Amino acid sequence: MKRLTVSGAALLTLFLWSSAGHSQLIDRTQQPNVANEGIAKTLSEENGAGRGDILTPNSSLFIINRDTFRAIRRGRQLFQRKFTQAEGQGPRLDDGTGDLSANLDRGAGLTDSCAGCHGRPRGSAGFGGDVATRPDSRDAPHLFGLGLKEILADEITTDLRAIRARAISQASSWCHTVTLPLMSKGIQYGAITAHRDGSLDTSQVQGVNPDLRVRPFFAHGGKISIREFIVGAFQAEMGLQAVDPDLAIAHAGGRITTPAGMVLDGSLDQLEAPPTDDSAADLDGDGVTNEVPAALVDYLEFYLLNYFKPATYEQSHHTDRGRRMFREMKCTTCHISDLEILHDRRVADVQTVFDPVNGVFNGLFATATPLHDTMNDSSGFPALQPPRLESFLVKNVFTDFKRHNLGPNFYERNYDGTVRTDFLTTPLWGVGSTAPYGHDGRSINLTEVILRHGGEAQESAQAFANLSDSKQRDLLDFLNSLVLFPPDDTASNLNPANPNTPGFPQFGHGSIKLSVLFRDPTDPE
């Protein structure tokens, strides 16, 4: 298949049509239209029987465990749904007034959809938003591969804490001080010292908090779980209060496992409390209760756990040379390319690569591979679909999950007058699609953000500056081949392109169509 090319009047027509599309989705039961576009189910229908259990049909726990791809799709619809004021959207915290240094949520935006901040490329859980939670603002990052980041960070945390426990045990047994290196997945996190009385010296710990918890979310490393991220964003960015008993239990010191398999243990970690765990509460006084029921949080968490990782665009001898130079410049000291997961909690993987034969838009083609088992529990209901929990090599992530000081060009002012100096290593997958760069969006292109590096990365930045023009272009070609993609416009093995479709390529260009994997594909979401 030839790659899509358009020109002249055809280009104008395609632009006018595509520019009307957004990552946000209407509810067609509220906004009927001739094209029959939008979410097929009402918000009440998406909530269904609530949380329930694996024996309660139409509940979140039933669907997540027995119809996993419908659960992912429903989470996607909720992510893109435009919430209405009648459903509880708004107002902002204190209507955006008050001391920002006391609560940064006052500087967050007010949108009606998750996709209002995370929506580029079209139809994806991408990037694009900006909030005034700091004087220099914060850009919303893309959410591709979010579940893989959560799993990796959690496994690294487990390794580091096991080393801590071993140091304490050895110091007690040997009756003298023990210092052990902190290493996980080939990444050095400094060292930890245990004394014979059980006390610890964490002064040599590097890149993470003294509690050894890796926090993979937000530029500074602020949250440990997707679930916290979802509940917090609903409150701060949309004025919607999620009802979440799981976070309430963990915040109070309890231990729970979320429907997406993430263990939250309040005896080990400080976890942010949800707005409420009471479905009858109306915290913002807008007359709407149970604004985001726990079942909807379940679907969103499961969706983001399984969300696609970024794609690899066209590779050439230029990109190969660029990748090699990236290593030679010691960029991979922090931007580590591949990291292995020991127990993958996802139920599917999607590999998206440049394929000009089978791809249409952007020349990209995706291959979806289920990662779940099928288990008959003799309940009379459809079989359970648990994740296989096998190992998985995460390629081209390019991060070390550590905080680093990259010099004053990256420092961030806070409203309380302090200055933040350390930031998590930004994963570089998708970097070719996400300009402008930096947590604040100050750098207009890849060249500028590379040269902006100082501090611990000064040597690498200088090495790039010293390259010839042709070698710089090769390195930039490599980085620009790490891309995001629009799932609804990317042909896949689930829904290949069909050039014989009337109206092609606006129709029939293929997509990553999870509905073909539903237990009942005729029941739309």
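What comes next is a walk through the structure. (Residues numbered from 1 in each chain as written. Predicted model: local features only at pLDDT ≥ 70, side-chain atom pairs only at ≥ 80, totals over all residues. Heavy atoms only, no water.)

## Quick word on the side chain of Ser 59
- If you trace the backbone, Ser 59 turns up in the loop between α2 (43-47) and α3 (60-66).
- A relative accessible area of 0% places Ser 59 in the buried class.
- Within polar-contact distance, the side chain of Ser 59 engages the backbone nitrogen of Phe 62 at 3.3 Å.
- Contacts of Ser 59, omitting those with residues within four sequence positions, involve Ala 49, Gly 50, Arg 51, Gly 52, Asp 53 and Tyr 299. (Helix = DSSP H or I, 4+ residues; strand = E, 2+ residues; numbered from the N terminus. Buried < 20%, exposed > 50% of the residue type's maximum accessible area, 1.4 Å probe, protein only. Polar contact = N/O pair within 3.5 Å; in protein donor to acceptor, adjacent residues only side chain to side chain. Contact = heavy atoms within 4.5 Å.)

## Describing the packing of helix α9 (residues 317-328) against helix α12 (residues 469-480)
- Their axes nearest at 7 Å, the elements α9 and α12 cross at an angle of 95 degrees. With respect to each other, α9 and α12 are oriented roughly perpendicular. Taking contact as the criterion, the partners of His 318, Thr 319, Arg 321, Gly 322, Arg 323, Met 325 and Phe 326 in α9 are, on α12, Lys 471, Asp 474, Leu 475, Asp 477, Phe 478 and Leu 479. (Axes fitted to C-alpha atoms, helices over the stretch in contact; angles between N-to-C directions. Parallel < 35°, antiparallel > 145°, perpendicular 65-115°, else oblique.)

## Digging into the environment of Phe 518
- For Phe 518, the location among the structural elements is in the segment after β20 (491-492).
- Sequence separation between Phe 518 and Arg 70 is 448 residues; the distance between their C-alpha atoms is 5.4 Å.
- Residues within four places of Phe 518 in sequence aside, it is in contact with Asp 67, Phe 69, Arg 70, Arg 73, Asp 523 and Glu 525.

## As for helix α4 (residues 68-80)
- Taking 1.5 Å per residue, 13 residues should reach 18 Å; α4 reaches 19 Å between its end C-alpha atoms and fits that length.
- Burial analysis of α4 places 12 of its 13 residues in the buried class, which makes it a mostly covered element.
- Those residues of α4 that sit buried are Thr 68, Phe 69, Arg 70, Ala 71, Ile 72, Arg 74, Gly 75, Arg 76, Gln 77, Leu 78, Phe 79 and Gln 80.
- Buried residues belonging to α4 abut α2, α3, β1 (118-120), α8 (294-305), β12 (348-354) and β13 (364-370). (Expected span 1.5 Å × (residues − 1).)

## Description of empty space enclosed by the protein
- Summed over the entire model, instances satisfying the criterion amount to four cavities of 30 Å³ or more.
- Estimated volume of the largest cavity: approximately 200 Å³.
- Lining the largest cavity are 19 residues, and of these Ile 72, Tyr 303, Phe 308, Ile 512 and Leu 514 sit closest to its centre.
- Elements represented by at least two residues in the lining of the largest cavity include exactly α4, β12 and β13.
- The element best represented in the lining of the largest cavity is α4, accounting for four residues.
- Across the lining of the largest cavity, the residue classes tally to 13 nonpolar, three polar and three charged. (1 Å grid on protein atoms, 1.4 Å probe; cavity = no way out; pocket = protein on both sides within 12 Å on 5 of 7 lines; lining within 4 Å. Points joined across faces, edges and corners; volume = space filled by probe spheres on them. Nonpolar A, V, L, I, M, F, W, Y, C, P; charged D, E, K, R; others polar.)

## A word on the sheet that holds strand β6 (residues 187-194)
- With antiparallel pairing, the three strands of this open sheet are ordered in space as β5-β6-β7. Whereas interior strands pair on both sides, the edge strands pair on one side only; in this sheet they are β5 (178-184) and β7 (200-201).
- Sheet analysis places β6 next to β7, joined by two bridges and oriented antiparallel. Within β7, the position partnered with Thr 193 by the bridge is Asp 201.
- In the packing of helix α5 (residues 146-174) onto the sheet, contacts are made with β5, β6 and β7, and the angle to β5 comes to roughly 165 degrees. (Pairing = 2+ DSSP bridges.)

From the geometry alone we can't say anything about function, so treat these as descriptive.
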